[in-house]
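This is what each chain is made of:
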Amino acid sequence: MLAADAKAMLVEGALEARENAYAPYSHFAVGACLLTEDGSYYRGCNIENSSYGATNCAERTAIFKAVSEGHRRICGIAIAGGPEGEDPNGYAYPCGICRQVMREFAGPDLPVLVAKSSSDVKEFTLGELLACSFTSENLV
Ligand code: THU
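Bear in mind that the values here come from a model prediction, so they are computed numbers and not experimental data. (Residues numbered from 1 in each chain as written. Predicted model: local features only at pLDDT ≥ 70, side-chain atom pairs only at ≥ 80, totals over all residues. Heavy atoms only, no water.)

Colleague: Explain the site of the ligand here, please?
Modeller: By nearness alone, every residue bordering the ligand is listed as Ser26, Phe28, Val30, Asn46, Glu48, Thr55, Cys57, Ala58, Glu59, Tyr93, Pro94 and Cys95. Side-chain polar atom of Glu59 to an oxygen atom of the ligand: 2.6 Å apart, as the coordinates give it. In the model, an oxygen atom of the ligand is placed 2.8 Å from a nitrogen or oxygen of the Cys95 main chain. Bound to the protein, the ligand loses 78% of the 380 Å² it would expose on its own. Broken down by class, the residue content of the shell around the ligand amounts to 7 nonpolar, 3 polar and 2 charged. (Near = heavy atom within 4 Å. Polar contact = N/O pair within 3.5 Å; in protein donor to acceptor, adjacent residues only side chain to side chain. Areas by Shrake-Rupley, 256 points an atom, 1.4 Å probe, with all protein chains shown as cover. Nonpolar A, V, L, I, M, F, W, Y, C, P; charged D, E, K, R; others polar.)

Given below as structure tokens:
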């Protein structure tokens, strides 16, 4: 369970992280903010590339930042996305690759907050968004 103040921090962080999105091709700005098990917050934005497949999503930017700083467990993540330079006009759900990357560093009970604004937030568990997931346990 995430406390209400942690949820608010995650949503604010995701909305603010959108401001750094590098999205000159899609003009769709996404921000993400996650909370690690030991109480650290990491933010990320989407970073596009002229070779479109080299684009990195906001969620993976935040996750890779956290993991590269030594964190291995995520206990909450928020995402917000919409047209560049505008407030989100809908819910930007995490893509399939990002759901799988979240699963690497969190269990199916991970709270995933999808925010349209600070007061308009849908909450899911990762298990709802990625059922019957493939994990390291499949490899033993
Ligand atoms: N995008 C994300 O950052 N996260 C997602 O989960 C879905 C899509 C970005 C990638 C690309 O820069 C833009 O949104 C349009 O697809």
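Still more ground to cover, so stick around.
Colleague: Is there a simple way to explain the pairing of strand β3 (residues 74-83) in this structure?
Modeller: Two faces make up the sheet, and in a regular strand the side chains alternate between them. The buried fraction of β3 amounts to 8 of the 10 residues, a majority that puts the element mostly inside the structure. Bridge count for strand β1 (residues 28-36) against β3 is 9 bridges, and the pairing is antiparallel. Note that in β3 the partner of Ala32 across the bridge is Ile79. Pairing geometry for β3 and strand β4 (residues 111-117), over 3 bridges, is parallel. Looking at β4, one finds that Ile79 is bridged to Val114. Handedness of the crossover joining β3 and β4 through helix α3 (residues 96-104) is recorded here as right-handed. (Buried < 20%, exposed > 50% of the residue type's maximum accessible area, 1.4 Å probe, protein only. Helix = DSSP H or I, 4+ residues; strand = E, 2+ residues; numbered from the N terminus. Pairing = 2+ DSSP bridges. Right-handed = clockwise from strand over helix to strand, strands pointing away.)

Colleague: Please explain the packing of aromatic side chains as it appears in this structure.
Modeller: The description of an aromatic ring pair uses the distance of the two centres, along with the angle that the planes make with each other. Tallied over the entire structure, the rule returns 3 aromatic pairs. Measuring from centroid to centroid gives 5.6 Å for Tyr25 and Tyr52, while their planes differ by 45°, and the two rings are tilted. Note that Tyr25 is positioned in the loop between α1 (4-17) and β1 and Tyr52 in the loop between β2 (41-45) and α2 (58-68), a separation of 27 residues in sequence. A residue is classified by how much of its surface remains accessible, and Tyr52, at 59% relative accessible area, is exposed. Taken together, a centroid distance of 6.3 Å and an interplanar angle of 35° make the contact between Tyr91 and Tyr93 tilted. For Tyr91, a relative accessible area of 26% gives the class partly exposed. Residue classification places Tyr93 among the partly exposed residues on the basis of a relative accessible area of 40%. Counting every residue linked through ring pairs, the aromatic cluster contains Tyr91, Tyr93 and Phe124. For Lys122, the ring lying beneath its charged end belongs to Tyr91, and the centroid distance is 4.8 Å. (Phe/Tyr/Trp six-rings, centres within 6.5 Å; stacked < 30°, edge-to-face > 60°. Lys NZ or Arg CZ within 6 Å of the ring centre and 35° of its normal.)

Colleague: Explanation requested: the side chain of Arg18 in the structure shown.
Modeller: Within the secondary structure layout, Arg18 lies in the loop between α1 and β1. For the buried Arg18, no salt bridge is present, and the opposite-charge side chain at shortest range is Asp87, 5.1 Å distant. Apart from residues lying up to four places away in sequence, Arg18 is in contact with Ala29, Val30, Gly31, Ala80, Gly81, Gly82, Pro83, Glu84, Glu86, Asp87 and Pro88. (Lys, Arg positive; Asp, Glu negative; His and termini not counted. Salt bridge = Lys/Arg side-chain N within 4 Å of Asp/Glu carboxyl O. Contact = heavy atoms within 4.5 Å.)

Colleague: How do you make sense of the side chain of Thr61 when you look at a structure like this?
Modeller: Within the secondary structure, Thr61 is located in helix α2. Polar contacts involving the side chain of Thr61 include one to the side chain of Asn56, which spans 3.0 Å. Contacts of Thr61, omitting those with residues within four sequence positions, involve Gly44, Cys45, Ile47 and Asn56.

Colleague: Explain α2 to me, please; I cannot follow it from the model alone.
Modeller: In an α-helix, one turn spans 3.6 residues; hence positions three or four apart end up facing the same way. For α2, the full list of buried residues reads Ala58, Glu59, Arg60, Thr61, Ala62, Ile63 and Ala66. Where α2 is buried, its residues touch β1, β2, β3 and α3. Where α2 terminates, the next one or two residues include Gly70, which has phi positive at roughly 100°.

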